[in-house]
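Reading the structure
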Amino acid sequence: MDEKKIVKEILSLYDEIKITNEDDNFIFFELYGNEYGIVYPLIEAPISRPAIIIKDNKNYEYPHIMLSEIPINGNMYRSICLYEAGSQIEYLKTYEEKVIDAIDRLFELLNLSSLEIEKEFQKEFLFYWNMQAETFIDAYIQSDRVFHKMNVYVNQEGNFRLISPGIKLNDKKEFRHFPNLDVYYIPIIDNRGILPPVKNKMWKPTNILDILKGRTYKRIDTVAYKTIKDEKVKGNETVFIFEMIINKQIVTFGVKIRFRKTSYSTLMEKIEYAVETIECLKVNRCDYYYLNKQIGNDVSIIGKKIAIIGAGSLGSYIAVELVKSGIKDLSLYDHDIIEKENILRHQSDFVWCDCSKVNALRYKLQKIHPEIIIKANKEYVTDEILERDANEFDMLIFAVGSSDTQLLANRFLKKIKFSKPVLYVWLEAGGIDSHILYVDYSQAGCFECLYTDENGNLINNKVNKTTEEQIEKNIIRNGCGATRVAYGTSILLRTTSTVLDVVQRLFNGEIKENLLIDIDKSSIKYQGNKFIESRCSCCSDSN
């Protein structure tokens, strides 16, 4: 099949197109007074698609025409971006469909209205802005989109950080405060008409003034305007961090303004009358809120405080995934150390063997993101510790392997009428079955119900499915009475994923009653509150 022949036949179907020339891999044509070239793919390449270029075009104020130039046969061309990444599955199209789609997209692009042109430019705002930026800066910005002055820090390598006043970082010792630069975070509330700089139309003081005191649109709130109008600055440089919301996406960009020597003292006056240079800055949003929002995490749970009792294998998996899912304030409780035999099912690294579990896990978690704050408590959880600390948290998660520890804690929490959600999570030997019990102590049911029969007698955990013979088979004895249960790692992954779902649903108010969940290799079964025993000696007064 002749690719060039197919492309020529398709181009000839359009009255507006006139074919002007051919080359090995190109067919050139005129359209609306400009010359274009189509680079056609090989039929043997099923995921390739045509590309279109435009010749000697100096109009940089049109969207999706790339800025860099490509020399071809003595002429300069610029490529045209017709596709969003991942928007098309080329493998499913015929060759003809690919060519027709490319030409139709070109027609659609060239027939945009002025409002559509503005919208397309704004969709690609950061692409154009960051193309002009020679300097990047990391920014940790608070989530409430309120005008404020930011703190500036710098490390030994000369890398700068901008931090909103309410944000605390766990690696602040690596940076020193840099008070000589005034930085302002300015949320834009009306972004109509704000276009990025392009090759022949860079930003000027008038662009910034249009944002700060524009008369056509009120772009910033009154507090921001009054502060900038009256703010007196002594330095010869100021940075503005602007933020817009475009198509529900956060767009953050910065400008560094250098002033010449002047008698003007207020920031607004200097911008109006004393600007020497304007530099585009690429702003890397690093704050925990923004990064969670970018990947689709539930940002409503940011700010919740959780305690994990047990920092062994299961506790370490839960902790790591919680901080990657929106929980940045964790407290860990465990008195034990990491043994070499357990390191392959723990989230810490081999170098931490024979060290405290909580200290090793704190190190790992705080390296995930600077805003993650971990409190490591190297202690065995007792009634006294629960009484001292429990009410500080929005949720307790018990991930200890000891039933005695869980039973004692359960009885104490019931006694003090603990009012926050509590999760008990445990694994069975053999790596097949695991369980989650959610308890609200204001309702009927508690952890001891699982160890109580219908007559009120204490028994082994009745929801566990592993037989005594199977347990014995999976116990590894270390000597001196020490034991370790074999269960592998896949059980940790599926249990942890269910814990994350339950945590999110609890904080969103979706779970109303105490709940038992059974998990195995092929299913997650929500058993409701059928576990409750009316004769449980711990919670029978609530049943």
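Here, every reference points to the structure presented above.
Residues numbered from 1 in each chain as written. Predicted model: local features only at pLDDT ≥ 70, side-chain atom pairs only at ≥ 80, totals over all residues. Heavy atoms only, no water.

Right, let's talk about helix H1 (residues 3-11) for a bit. Structurally, the α-helix is built with 3.6 residues per turn, so residues lying three or four positions apart point the same way. Residues of H1 that are buried include every one of Glu3, Ile6, Val7, Ile10 and Leu11, and no others. The buried residues of H1 occupy an angular sector of 130° when projected down its axis, which confines them to one face. Where H1 is buried, its residues contact strand S1 (18-22), strand S2 (26-31), strand S3 (34-39) and helix H2 (95-110). In this structure aspartate 2 caps H1, since a side-chain oxygen of it lies 3.1 Å from the backbone nitrogen of lysine 4. (Buried < 20%, exposed > 50% of the residue type's maximum accessible area, 1.4 Å probe, protein only. Helix = DSSP H or I, 4+ residues; strand = E, 2+ residues; numbered from the N terminus. Arc of directions from axis to C-beta. Contact = heavy atoms within 4.5 Å. Polar contact = N/O pair within 3.5 Å; in protein donor to acceptor, adjacent residues only side chain to side chain.)

Now for a negative patch on the surface. Residues Asp2, Glu9, Glu96 and Glu97 make up a contiguous surface patch of negative charge. Topologically, glutamate 9 is positioned in helix H1. Owing to a relative accessible area of 45%, glutamate 9 belongs among the partly exposed residues under this scheme. (Patch = residues over 30% accessible without salt bridge, like charges linked within 9 Å, V, L, I, M, F, W, Y side chains within 5 Å. Areas by Shrake-Rupley, 256 points an atom, 1.4 Å probe, with all protein chains shown as cover. Salt bridge = Lys/Arg side-chain N within 4 Å of Asp/Glu carboxyl O. Lys, Arg positive; Asp, Glu negative; His and termini not counted. Charge placed at Lys NZ, Arg CZ, Asp CG, Glu CD.)

Moving on: the side chain of threonine 498. You can see threonine 498 is positioned in helix H14 (residues 490-507). Of the residues examined, threonine 498 reaches a relative accessible area of 3% and is grouped as buried.

Time to look at the environment of valine 425. Position of valine 425 relative to the elements: it lies in strand S19 (residues 422-427). Through-space distance from the C-alpha of valine 425 to that of tyrosine 438 is 8.9 Å; in sequence the pair is 13 residues apart. The contact partners of valine 425, leaving out residues within four places of it in the chain, are Leu314, Ile397, Phe398, Ala399, Val400, Gln406, His435, Ile436, Thr495 and Val499.

Space inside the second largest pocket adds up to approximately 400 Å³. In terms of lining residues, the second largest pocket is bounded by 15 residues, among which His64, Leu82, Arg105, Glu120 and Lys123 are the most central. Mapped by element, the contributors of at least two residues to the lining of the second largest pocket are H2 and helix H3 (114-123). The class makeup of the residues in the lining of the second largest pocket is six nonpolar, two polar and seven charged. (1 Å grid on protein atoms, 1.4 Å probe; cavity = no way out; pocket = protein on both sides within 12 Å on 5 of 7 lines; lining within 4 Å. Points joined across faces, edges and corners; volume = space filled by probe spheres on them. Nonpolar A, V, L, I, M, F, W, Y, C, P; charged D, E, K, R; others polar.)

If you look at the biggest cluster of nonpolar residues, it comprises 42 residues, and the most contacted ones within it are Ile306, Leu322, Leu330, Leu365, Ile397 and Leu423. Contact partners of leucine 365, with chain neighbours within four places excluded, come to Ala319, Val320, Val323, Leu330, Leu332, Ile372 and Ile374. (Core = buried A, V, L, I, M, F, W, Y, C linked by side-chain atoms within 4.5 Å.)

On to the sheet that holds S2. The strand order across the open sheet formed by six strands is S1-S2-S3-S4-S6-S5, and the pairing between neighbours is antiparallel. Each of the sheet's edge strands pairs with one partner strand only, and the pair in question is S1 and strand S5 (70-72). With strand direction ignored, the average angle separating the axes of adjacent strands in the sheet is 35°. For S1 and S2, the ladder comprises four bridges, and the chain directions are antiparallel. Residue pairing in the sheet places glutamate 22 in a bridge with isoleucine 27 of S2. Strand contacts of H2: S2, S3, strand S4 (51-55) and strand S6 (75-80), with the helix running at about 30° to S2, the strand carrying the most contacts. (Pairing = 2+ DSSP bridges. Axes fitted to C-alpha atoms, helices over the stretch in contact; angles between N-to-C directions.)

Okay, the packing of aromatic side chains next. Per the counting criterion, the structure on display carries 24 aromatic pairs. With a centroid separation of 5.4 Å and an interplanar angle of 20°, the aromatic rings of tyrosine 14 and phenylalanine 107 are classed as stacked. Highlighted residues: tyrosine 14 in the loop between H1 and S1 and phenylalanine 107 in helix H2, separated in sequence by 93 residues. Ring centres 5.6 Å apart and planes at 10° place the aromatic pair phenylalanine 26 and phenylalanine 28 in the stacked group. Residue class for phenylalanine 26 comes out buried when judged on its relative accessible area of 17%. Taken together, Phe125, Trp129, Phe147, Tyr184, Trp203, Phe240, Phe242 and Phe253 form an aromatic cluster joined through their ring pairs. Cation over ring: arginine 49 sits above tyrosine 83, and NZ or CZ is 3.9 Å from the ring centre. (Phe/Tyr/Trp six-rings, centres within 6.5 Å; stacked < 30°, edge-to-face > 60°. Lys NZ or Arg CZ within 6 Å of the ring centre and 35° of its normal.)

Before going further, it helps to examine the sheet that holds strand S16 (residues 329-333). Pairing is mixed in the open sheet, where eight strands are placed in the order S17-S16-S15-S18-S19-S20-S23-S24. The outermost strands of the open sheet, each flanked by one partner alone, are strand S17 (373-377) and strand S24 (524-528). The sheet shows a mean angle of 15° between the axes of neighbouring strands, direction not considered. Bridging between strand S23 (residues 515-519) and S24 involves four bridges; their strand directions are antiparallel. Residue pairing for S24: isoleucine 519 is matched across the bridge by isoleucine 524.

The backbone of asparagine 247 sits at a positive phi, close to 50°, despite the residue not being glycine. In this structure, asparagine 247 sits in the loop between strand S12 (237-246) and strand S13 (249-259). Among the residues examined, asparagine 247 registers a relative accessible area of 55% and is labelled exposed. Unusually for a residue other than glycine, lysine 248 sits at a positive phi of about 70°. Using a relative accessible area of 76% as the deciding quantity, one classes lysine 248 as exposed.

Further remarks concern helix H4 (residues 125-132). Among all positions in H4, only Phe125, Tyr128 and Trp129 are buried. Axial view of H4: buried residues confined to an arc of 95°, hence all on one face. Taken together, the buried residues of H4 touch H3, S12, S13 and strand S14 (275-285).

Structural measurements only, silent on function.
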